[in-house]
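# Observations on the three-dimensional arrangement
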Amino acid sequence: MFSPRTAPGSGRRQQGRTTGRKSVSGAAGGLLFSPRRTPMMTRSTPTRVQNHTATETVYYDVQTFGSSLPVKVMEALTMADADDPISVKVNESGWAWMVCGERLIIWKICQTAVAKLSVCKELQLPSSEYTYTADLVALTSATPLKMAVVQSISVLAVATEGTARFWPSLAHEGTYTESDVNLGDLCNFVVALRGGSFVLSSVRNELLRVSADSSGKLQHRALQQGQGMLSGIGRRVSSLFGILSPPANDVLHSVLWVGGASCLYSLTSSTVSKWEVDDSSEHQIFSWDSRKALTESIVDSIW
């Protein structure tokens, strides 16, 4: 959070020493940075004439913010080597998860000391030859995730090769089902949708919708593309309405789920696509050729 604060200063820029070493400190909780704006006056010297004009610089006050990290998280950070890959993701609902090697730690931020013990869970990820990231893990619940209790939260983690491990309830770390999902390429994102389902994506822009049946077994199918009201028309005509089939060599860079609008967006090296999603189906609204539009805009700007 950045909030400016105006305060008079002496006009001398304070220099802080920095080191190239990264440090992790969780005992004091998060850090709140708020800029402090200080007016500065340039000073004239006997050998050089300078204008006495006021300039403004920004400093920052560092204060503790939020609660401290759970013990399991601190232990994982303390025991990790300097070159161990660690990634963290914080959901807008307040749930956070950290991937450290093949360990997955899930907790809810801003909890009391007693609540931390019950909502912080550690799960074991399936073996993988590739490095796990927090983007390969997603949480969902039948109720809004912000108000969901541990028992109602489901977790899906997918190895880069496609091995999916599903926990029906976060309260039971040892109860899960596992299956192989064929994405045709390496998995790079797992996103939770409405209705307790997920979307898995590959580097080559293959999208699968995954959900668990009554027995907890994962079922998956390809995400429907070009199934809007203009589906079935020719490519040349459909391009006028922004509905295009993705190029064969497209590389997927990001997937975004907007829960309030029930819309899924994907960004590739050449297109931006949008789906409207309900509990059991989805409809692609458009696929915009961003590469062509940017190229034409650059050419127009140059000429």
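The paragraphs below set out a description of the structure included in this document. (Residues numbered from 1 in each chain as written. Predicted model: local features only at pLDDT ≥ 70, side-chain atom pairs only at ≥ 80, totals over all residues. Heavy atoms only, no water.)

### Details of the overall build of the protein
In plain terms, the rule: What counts as a helix is a DSSP run of H or I of at least four residues, what counts as a strand is a run of E of at least two, and both are numbered from the N terminus. For the exposure calls, accessible area comes from a 1.4 Å probe over protein chains only, and a residue counts as buried if that area is under 20% of its type's maximum, exposed if over 50%, partly exposed in between. Every accessible area reported is derived by Shrake-Rupley at a probe size of 1.4 Å, with residue values counting cover from the shown protein chains alone.
Looking only at helices and strands, one finds 4 helices and 19 strands in the protein. Buried residues in the protein amount to 37% of all 303 residues. When the accessible surface of the protein is split by element, carbon and sulfur atoms take 54% of a total near 18400 Å².

### Comments concerning a nonpolar patch on the surface
Threshold: Patch membership requires over 30% relative accessible area and the absence of a salt bridge. Like charges are linked within 9 Å, and nonpolar side chains (Val, Leu, Ile, Met, Phe, Trp, Tyr) within 5 Å. Throughout this description, the term salt bridge denotes a Lys or Arg side-chain nitrogen within 4 Å of a carboxyl oxygen of Asp or Glu.
A grouping of Ile86, Val88, Val90 and Ile109 is seen on the molecular surface, where their side chains present a nonpolar patch of about 310 Å² in accessible area. The residue Ile109 is located in the loop between strand 6 (103-108) and helix 2 (113-119) in this model. By relative accessible area, Ile109 is classed as partly exposed at 34%.

### Regarding the sheet that holds strand 11 (residues 177-180)
Quick note on the threshold: Should DSSP find at least two bridges between two strands, the strands are regarded as paired. Fitted lines through C-alpha atoms serve as axes, helices being fitted only where they are in contact, and the angles separating the N-to-C directions of these axes extend from 0 to 180 degrees.
With antiparallel pairing, 4 strands are arranged side by side in an open sheet as 8-9-10-11. Each edge of the open sheet is held by one strand with a lone partner, namely strand 8 (137-141) and strand 11. On average, each strand axis in the sheet is tilted by 20° relative to the strand beside it, whichever way the strands run. In the sheet, strand 8 pairs with strand 9 (residues 153-158) via 5 bridges, with the strands oriented antiparallel. Bridge assignment links Ala138 to a residue of strand 9, and that residue is Leu156.

### Overview of the side chain of Thr140
Under the convention used in this document: In what follows, a contact means two residues having at least one pair of non-hydrogen atoms within 4.5 Å.
Turning to its location among the elements, Thr140 is positioned in strand 8. With relative accessibility at 7%, the residue Thr140 sits in the buried group. Discounting chain neighbours no more than four positions away, the residues touching Thr140 are Leu145, Ser152, Ile153, Ser154, Ala192, Leu193, Gly196 and Phe198.

### Quick notes on the sheet that holds strand 18 (residues 271-277)
Ordered in space as 16-17-18-19, the 4 strands form an open sheet in which the pairing is antiparallel. Whereas interior strands pair on both sides, the edge strands pair on one side only; in this sheet they are strand 16 (252-258) and strand 19 (282-289). Pairs of neighbouring strands in the sheet enclose a mean axial angle of 15°, with direction left out of account. Here strand 18 pairs with strand 19 via 7 bridges, running antiparallel. Looking at the pairing, Val272 lines up with Trp288 of strand 19.

### Observations regarding the packing of aromatic side chains
Under the convention used in this document: Centres within 6.5 Å are what make two rings of Phe, Tyr or Trp a pair, Trp counting through its six-membered ring; a difference in plane orientation under 30 degrees is then read as stacked, over 60 as edge-to-face, and the rest as tilted.
Evaluation of the coordinates by the stated rule reveals 2 aromatic pairs. Ring geometry for Phe166 against Phe198: centres 6.3 Å apart, planes inclined by 75°, an arrangement best described as edge-to-face. Of the two residues, Phe166 sits in strand 10 (residues 163-167) while Phe198 sits in strand 13 (residues 198-202), which places them 32 residues apart along the sequence. In this structure Phe198 comes out as buried when scored by relative accessible area, which is 1%.

### A closer look at the pattern of salt bridges
This model, assessed by the stated rule, comprises 7 salt bridges. Taking the shortest distance from any N to any O, the salt bridge between Asp185 and Arg204 comes out at 4.0 Å. One end of the pair, Asp185, is in the loop between strand 11 and strand 12 (187-192); the other, Arg204, is in the loop between strand 13 and strand 14 (207-212), and 19 residues separate them in sequence. Owing to a relative accessible area of 41%, Arg204 belongs among the partly exposed residues under this scheme. Arg221 is paired through a salt bridge with Glu282; the nearest N and O atoms lie 2.7 Å apart. Taken together, the positions of Arg221 in strand 15 (residues 218-222) and Glu282 in strand 19 put the pair 61 residues apart, joining distant regions of the chain. Judged by its relative accessible area of 31%, Arg221 falls in the partly exposed class.

### Thoughts on the nonpolar core
Threshold: Working definition of a nonpolar core: buried Ala, Val, Leu, Ile, Met, Phe, Trp, Tyr and Cys residues. They are joined through side-chain atoms within 4.5 Å.
Core analysis: the biggest nonpolar cluster contains 38 residues, and Trp95, Leu104, Ile106, Leu139, Val155, Leu156 and Leu200 have the highest contact counts within it. Those elements that place two or more of their residues in this core are strand 5 (95-100), strand 6, strand 8, strand 9, strand 10, strand 12, strand 13 and strand 14. With 5 residues, strand 9 is the largest single contributor of residues to this core. Those residues in contact with Ile106, other than ones at most four positions away along the chain, are Trp95, Ala96, Trp97, Val119, Cys120, Lys121, Leu123, Leu139, Val155 and Leu170.

### Some points on the pairing of strand 16
Inspection of the sheet shows strand 16 paired to strand 17 (residues 263-268) by 6 bridges, in the antiparallel sense. Residue pairing across strands places Leu256 opposite Tyr265, the latter belonging to strand 17. In this antiparallel pair of consecutive strands, strand 16 and strand 17, the connection spans 4 residues, and Ser262 shows a positive phi of 55°.

### Details of the side chain of Thr160
Here Thr160 shows up in the loop between strand 9 and strand 10. Thr160 has contacts with Ser128, Tyr130, Thr131, Leu136, Asp185, Leu186 and Cys187, leaving out every residue within four places of it along the chain.

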